[in-house]
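Chains, contacts and geometry: an overview
Read off the chains here:
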Amino acid sequence: MQLPSTLLENAVAQFAKLPGIGKKTALRLVLHLLKQDVNEVALFGDTLTKMRKEIQFCKRCNNISDGEICSICSNTARNQHIVCVVENIRDVIAIESTQQFNGTYHVLGGIISPLDGIGPDQLTIELLVKRITQEQIDELVFALSPNIQGDTTIYFIQKKIAHLSCKITTIARGIAFGGELEYADEMTLARSIANRLPVQQYVQ
């Protein structure tokens, strides 16, 4: 793509690095910004910079947070004795949108996938085990994507905490095997959470 300005070309190249954004879409976005007031564009850039510099990860659950502890963990109105285990932050957002879960979360930061070079040590499994040991956790709800990697992760964690007195469940399989949790519609996800069953029925 031949552009009349190096500055424009550099801006387009940066936008094109974003997932799902091609060169043509990046160009449209940059040209849109050129039409905006300089102060508006400055605010846009400052907001992104501030977010990247100041955002934190909750020391308790690994969710994104403005401080050391996220708003979900610090909310006394939520059931602090139930923990929903998810793969990433997008899954937290997806489940929260259903308004069917009133417990807390634990973000693993991925799932066990040897082919992708991701092992248990690269996830926040030890932090989860520590939480269960130190806090009065009554139930662990696994809400991982229904695929081989998700089931492997559930199996590994289940064996690791087998000696602890904690009920282990998983969301019902209203979501097709091999699907991604974040792409499930809210109604299906809500029903899966409400109808969760003992994990032994899915992972042996």
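Keep in mind that this is a model prediction, so the values were computed, not measured. (Residues numbered from 1 in each chain as written. Predicted model: local features only at pLDDT ≥ 70, side-chain atom pairs only at ≥ 80, totals over all residues. Heavy atoms only, no water.)

1. Brief notes about the overall build of the protein
Tallying secondary structure elements over the protein gives seven helices and seven strands in all. N-terminal to C-terminal, the α/β element order of the protein is α-α-α-β-β-β-α-β-α-β-α-β-α-β. Split into buried and exposed, the 204 residues of the protein put 39% on the buried side. Of all intrachain contacts in the protein linking residues separated by at least 6 positions in sequence, the fraction that spans at least 24 positions is 56%. With the model as given, the accessible surface of the protein reaches about 12,300 Å², and the carbon-plus-sulfur share is 54%. (Helix = DSSP H or I, 4+ residues; strand = E, 2+ residues; numbered from the N terminus. Buried < 20%, exposed > 50% of the residue type's maximum accessible area, 1.4 Å probe, protein only. Contact = heavy atoms within 4.5 Å. Areas by Shrake-Rupley, 256 points an atom, 1.4 Å probe, with all protein chains shown as cover.)

2. As for the pairing of strand β3 (residues 82-86)
Here β3 lies mainly inside the structure; five of its five residues are buried. The alternating pattern of β3 places I82, C84 and V86 and V83 and V85 on opposite faces, both of which are buried. Sheet analysis places β3 next to strand β4 (residues 104-107), joined by four bridges and oriented parallel. Counted as the bridge partner of V83 is T104 from β4. A crossover links β3 with its parallel partner β4, the connecting element being helix α4 (residues 89-96), and its sense is right-handed. (Pairing = 2+ DSSP bridges. Right-handed = clockwise from strand over helix to strand, strands pointing away.)

3. Description of the nonpolar core
One finds I125, L128, L140, F142, I157 and I161 to be the most contacted residues of the largest nonpolar core, which totals 19 residues. Residue assignment for this core shows that the elements contributing at least two residues are β3, α5 (125-134), β5 (139-142) and α6 (148-160). The residues touching I157, leaving out its near neighbours within four places in the chain, are L108, I125, L128 and F142. Listed in part, the 16 residues of the second largest apolar core include V86, V92, Y105 and I171. (Core = buried A, V, L, I, M, F, W, Y, C linked by side-chain atoms within 4.5 Å.)

4. Here's the deal with α6
Between the first and last C-alpha of α6 there are 18 Å, a value that for 13 residues agrees with the 18 Å anticipated at 1.5 Å per step. The complete set of buried residues in α6 reads G150, D151, T153, I154, I157 and Q158. The arc that holds the buried residues of α6, viewed along the axis, is 160°, so those residues lie on one side. α6 presents I148 and K159 as exposed residues on the side facing more than 90 degrees away from its buried surface. (Expected span 1.5 Å × (residues − 1). Arc of directions from axis to C-beta.)

5. Description of the environment of G22
Along the chain, G22 falls in the loop between α1 (6-15) and α2 (23-35). Put simply, G22 and V12 are ten residues apart on the chain and 9.3 Å apart in space, counted from C-alpha to C-alpha.

6. Examining the environment of G110
The residue G110 is located in the loop between β4 and α5 in this model. Separated by 39 residues in sequence, G110 and Q149 place their C-alpha atoms 9.7 Å apart. When residues no more than four places from it in sequence are discounted, the contact partners of G110 are E87 and L123.

7. So, a nonpolar patch on the surface
Taken together, the side chains of F44, L48 and M51 make up a nonpolar region of the molecular surface, amounting to roughly 270 Å² of accessible area. By secondary structure assignment, the location of M51 is in helix α3 (residues 38-54). (Patch = residues over 30% accessible without salt bridge, like charges linked within 9 Å, V, L, I, M, F, W, Y side chains within 5 Å. Salt bridge = Lys/Arg side-chain N within 4 Å of Asp/Glu carboxyl O.)

8. Quick word on unusual backbone geometry
Phi is positive for N62, which is not a glycine, with a value near 75°. Locating N62 in the fold gives a position in the loop between β1 (56-57) and β2 (64-65). Take N62: its relative accessible area is 19%, and that puts it in the buried class. Although it is not a glycine, Q99 sits at a positive phi angle of roughly 60°.

9. Regarding the state of the cysteines
Across all of its chains, the model carries zero disulfides by this definition. Unpaired in terms of disulfides, C61 finds its nearest cysteine sulfur in C73, a separation of 3.7 Å. Here C61 falls in the buried class, since its relative accessible area comes to 1%. Overall, the relative accessible area of 8% leaves C73 in the buried class. (Disulfide = S-S within 2.5 Å.)

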